[in-house]
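Structural description and commentary
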Amino acid sequence: MEKHQDSASTRTAGTQQPALYWEVTYLDADCGRVRTEAFDDAAQAERFASRYVHHQDGWAIVDAIQVRAGRAAA
């Protein structure tokens, strides 16, 4: 299982940790499609991803995604 993290999400002393969520991109072997699920907790994302790597051709990637600030309405 691969893990990717955005460089802006790394912890630095004296700075505030940006808000993150985790996306799991995986191969659904039942239908042969690549799907994506979002999680608020890294441990939940890891558990979900581990279920899909047990298949012979299964794979899953966990990405930490920084939440972007929304745009203000005009």
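This write-up is about the structure you can find in this document. (Residues numbered from 1 in each chain as written. Predicted model: local features only at pLDDT ≥ 70, side-chain atom pairs only at ≥ 80, totals over all residues. Heavy atoms only, no water.)

**Examining the overall build of the protein**
The cut-off we apply is this: Only DSSP runs of H or I covering at least 4 residues are called helices, and only runs of E covering at least 2 are called strands; the numbering of each starts at the N terminus. Exposure classes here rest on a 1.4 Å probe applied to the protein chains alone. A residue is buried below 20% of its type maximum, exposed above 50%, and partly exposed in between. Here, residues are in contact when the closest pair of their heavy atoms is within 4.5 Å. With residues, only the protein chains shown are counted as cover, and all accessible areas are computed by Shrake-Rupley using a 1.4 Å probe.
What the protein contains, in helices and strands, is one helix and four strands. N-terminal to C-terminal, the α/β element order of the protein is β-β-β-α-β. Counting all 74 residues of the protein, 26% fall into the buried class. Put simply, 53% of the contacts in the protein that link residues at least 6 apart link residues at least 24 apart. Just so you have it, the protein exposes about 5,700 Å², and 45% of that area is on carbon and sulfur atoms.

**Some thoughts on the environment of A19**
Along the chain, A19 turns up in the loop between β1 (2-5) and β2 (20-28). With a relative accessible area of 48%, A19 lands in the partly exposed category. Distance from A19 to R68, taken between C-alpha atoms, is 8.4 Å for residues 49 residues apart in sequence. When residues no more than four places from it in sequence are discounted, the contact partners of A19 are I65, Q66 and V67.

**Notes on the pairing of β2**
Our working definition: Only strands joined by at least two bridges in the DSSP assignment are considered to pair.
In terms of residue burial, β2 counts as a mostly covered element, since seven of its nine residues are buried. The sheet contact formed by β2 and strand β4 (residues 60-66) spans seven bridges and is antiparallel. Each residue of the ladder has a partner; that of W22, found in β4, is A64. For β2 and strand β3 (residues 33-39), the ladder comprises seven bridges, and the chain directions are antiparallel.

**With respect to helix α1 (residues 42-52)**
To keep it simple, the criterion reads: Working definition: the arc comes from the directions between the helix axis and the C-beta atoms, pointing outward to the latter.
For α1, the full list of buried residues reads A45, F48, A49 and Y52. Viewed along the axis of α1, the buried residues span an arc of 100 degrees, placing them on a single side of the element. Elements that come into contact with the buried residues of α1 comprise β2, β3 and β4.

**Observations regarding the environment of Q44**
Inspection of the secondary structure assignment puts Q44 in helix α1. In sequence terms Q44 and W22 are 22 residues apart; their C-alpha atoms lie 9.0 Å from each other.

**A short note on the nonpolar core**
Put simply, the rule reads: We call a set of buried Ala, Val, Leu, Ile, Met, Phe, Trp, Tyr and Cys residues a nonpolar core when their side-chain atoms join them within 4.5 Å.
Counting twelve residues, the largest nonpolar core is built from L20, W22, V24, Y26, F39, A45, F48, A49, Y52, A60, V62 and A64. Every element with two or more residues in this core is listed here: β2, α1 and β4. Aside from chain neighbours lying at most four places away, what touches V24 is R35, T36, E37, F39, A45, F48, A49, A60, I61 and V62.

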